[in-house]
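Spelled out from the first residue to the last, the chains are:
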Amino acid sequence: MAGTRDRSASPDRAAALKADLVLEATIGLSDDALETLVAIDQPGCSAAVAVRGELVWAAARGLADLASATPLTTQTRFDVASISKQFTATAILLLQRDGQLSLSDPVSRYIGGLPGWADEVTLDALLHHTARLPDYWIELDREGIGFTDPADQAATLAAIARERDREPGEGYFYSNSHYVLLGTVVERVSGQSLRAFLAERIFTPLGLDMVLAPTLLAPDIALSYETDLSLQQGAWTAYGHTGIITTPSDLALWGDQYRQGGIVRDDFAAGAISDGEGARYGAGIYLNDEGTLSHSGRWGGYLSTFRVSVDRETVMAIACNGRGANRSGLAEALWQLWAPAP
């Protein structure tokens with residue numbers, strides 16, 4: 001009589017099979033969420049999720065260029081707007097570790113021609129948004145320089161320098177001017193452009209397809225659109241606060257630095273300041289009260305979201321190219337799938 005074969009799987013194999021089935025189901029539900037929340041014939045969104053430094057899901061839906069009906073793909077690049085701040089902040093922390101600057105230094109040590117506040121405002125205050133400098137766009141607007149009128153880093157620094165007074169009060173006050181100044185400090189201290197410094201110290205070592213290039217146009221970069229679907233092509237080329245061009249996939253892979261470290265270390269959270277709304281602002285990123293990390297961005301028609309889970313193992317990144325895109329709805333749907341609250 002023939003013997004019977006034990007078809008039961010080992011505990012390890014059974015766990016692996018179950019994990020595979022859960023992953024497959026989560027991928028399917030993520031695809032469904034994207035299809036439900038993002039129109040195929042409008043400016044759209046690209047999204048990616050990485051777990052422990054491995055990309056587990058990426059998808060895109062919508063159009064990168066309305067005129068040519070070019071679809072978004074997972075290889076389409078976007079300006080990720082204010083998510084760029086964490087890279088400028090990391091550059092500052094790298095220079096501090098190198099002994100080339102201290103967060104306690106006044107900004108006047110590195111940038112001349114600023115008002116008296118530059119002797120009081122430290123790099124730490126810029127990093128954590130407690131310098132309380134008015135956002136530079138207010139001064140540009142006073143000068144009649146709109147979003148589609150050229151304004152480079154020098155013009156933006158000049159606009160910041162014309163602001164004689166800081167905002168009244170104390171504590172957290174989010175302003176893009178803070179990070180424009182930090183980007184310039186990186187250049188003055190390192191002797192390199194911020195673009196070159198980020199490439200040499202962060203992007204290339206990690207194998208990330210990222211570049212600091214505000215307003216860059218290329219066939220693989222999505223155009224940005226207003227809510228009325230008019231093209232929103234900005235001409236402001238200042239940097240430090242925005243301007244990094246990349247894909248959500250590379251952004252999700254970058255996020256593993258908050259788990260494994262190396263370039264990002266614990267100093268990113270040192271001295272984080274309460275934003276008054278249940279989070280603290282660290283080095284270019286929010287430390288939320290439930291333990292997650294996050295930042296969002298908006299620049300012209302570009303929208304972006306970046307989140308890291310409490311255990312730092314899961315990273316989600318989303319980039320959209322239309323102000324009317326349902327970025328928030330997509331972010332919440334995907335986060336519940338990949339990093340549900342316990």
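Residues numbered from 1 in each chain as written. Predicted model: local features only at pLDDT ≥ 70, side-chain atom pairs only at ≥ 80, totals over all residues. Heavy atoms only, no water.

Peer 1: An account of the state of the cysteines is needed here, citing residue identities and associated values.
Peer 2: Going through the model one piece at a time under the given rule, you end up with one disulfide. A disulfide bridge connects cysteine 45 with cysteine 320, and the sulfur atoms are separated by 2.1 Å. Between cysteine 45 and cysteine 320, the disulfide has an S-S torsion of 100° and is therefore right-handed. Here cysteine 45, found in strand S1 (residues 45–51), pairs with cysteine 320, found in strand S13 (residues 314–320); they are 275 residues apart in sequence, far enough to count as distant. Side by side, cysteine 45 and cysteine 320 carry an identical accessibility label, which is buried. (Disulfide = S-S within 2.5 Å. Helix = DSSP H or I, 4+ residues; strand = E, 2+ residues; numbered from the N terminus. Buried < 20%, exposed > 50% of the residue type's maximum accessible area, 1.4 Å probe, protein only.)

Peer 1: Which residues make up the environment of glutamate 54, and what values do they have?
Peer 2: Assignment of secondary structure puts glutamate 54 in strand S2 (residues 54–61). A sequence separation of 188 residues divides glutamate 54 from threonine 242, and the C-alpha atoms of the two residues are 26 Å apart. Among residues more than four places away in sequence, those in contact with glutamate 54 are Val49 and Leu253. (Contact = heavy atoms within 4.5 Å.)

Peer 1: A description of the sheet that holds strand S10 (residues 286–288) should follow, citing residues and the corresponding values.
Peer 2: Strand order across the open sheet formed by eight strands is S2-S1-S13-S12-S11-S10-S9-S8, with antiparallel pairing between neighbours. If you trace the sheet from one side to the other, it starts and ends with S2 and strand S8 (273–274), each paired once. Contacts from helix H10 (residues 327–338) reach S1, S2, strand S11 (293–299), strand S12 (302–308) and S13, with the element oriented near 160° to S13. (Pairing = 2+ DSSP bridges. Axes fitted to C-alpha atoms, helices over the stretch in contact; angles between N-to-C directions.)

Peer 1: Let's hear about the environment of threonine 122: which residues, and what values?
Peer 2: Tracing the backbone through its elements, the reader meets threonine 122 in the loop between helix H2 (85–97) and helix H3 (123–127). Taking the C-alpha atoms as reference points, threonine 122 and serine 102, 20 residues apart in sequence, are found 9.1 Å from one another.

Peer 1: Give me the lowdown on empty space enclosed by the protein, citing residues and values where you can.
Peer 2: This model, assessed by the stated rule, comprises two cavities of 30 Å³ or more. In terms of lining, the largest cavity is formed by 15 residues, of which the most central are Thr215, Gln233, Gly234, Trp299 and Tyr302. Residues belonging to the lining of the largest cavity are distributed by class as follows: eight nonpolar, six polar and one charged. Of the voids in this model, the second largest cavity is the one considered here, and its volume is about 30 Å³. Looking at the second largest cavity, the residues that line it are Ser84, Phe87, Thr88, Leu194, Leu198, Leu212, Gly240, Thr242 and Ile244. Of the residues belonging to the lining of the second largest cavity, the class tally is five nonpolar, four polar and no charged. (1 Å grid on protein atoms, 1.4 Å probe; cavity = no way out; pocket = protein on both sides within 12 Å on 5 of 7 lines; lining within 4 Å. Points joined across faces, edges and corners; volume = space filled by probe spheres on them. Nonpolar A, V, L, I, M, F, W, Y, C, P; charged D, E, K, R; others polar.)

Peer 1: I'd love a proper account of the packing of H2 against helix H7 (residues 194–206), names of residues and values included.
Peer 2: The geometry of H2 relative to H7 is characterised by a closest axis approach of 10 Å and an angle of 75° between their N-to-C directions. By the angle class used here, H2 and H7 are roughly perpendicular. From H2, Phe87, Thr88, Thr90, Ala91, Leu94 and Leu95 reach across to H7, where they touch Leu194, Phe197, Leu198, Arg201, Ile202 and Phe203. When its residues are assigned to classes, the contact of H2 with H7 shows nine nonpolar, two polar and one charged. (Parallel < 35°, antiparallel > 145°, perpendicular 65-115°, else oblique.)

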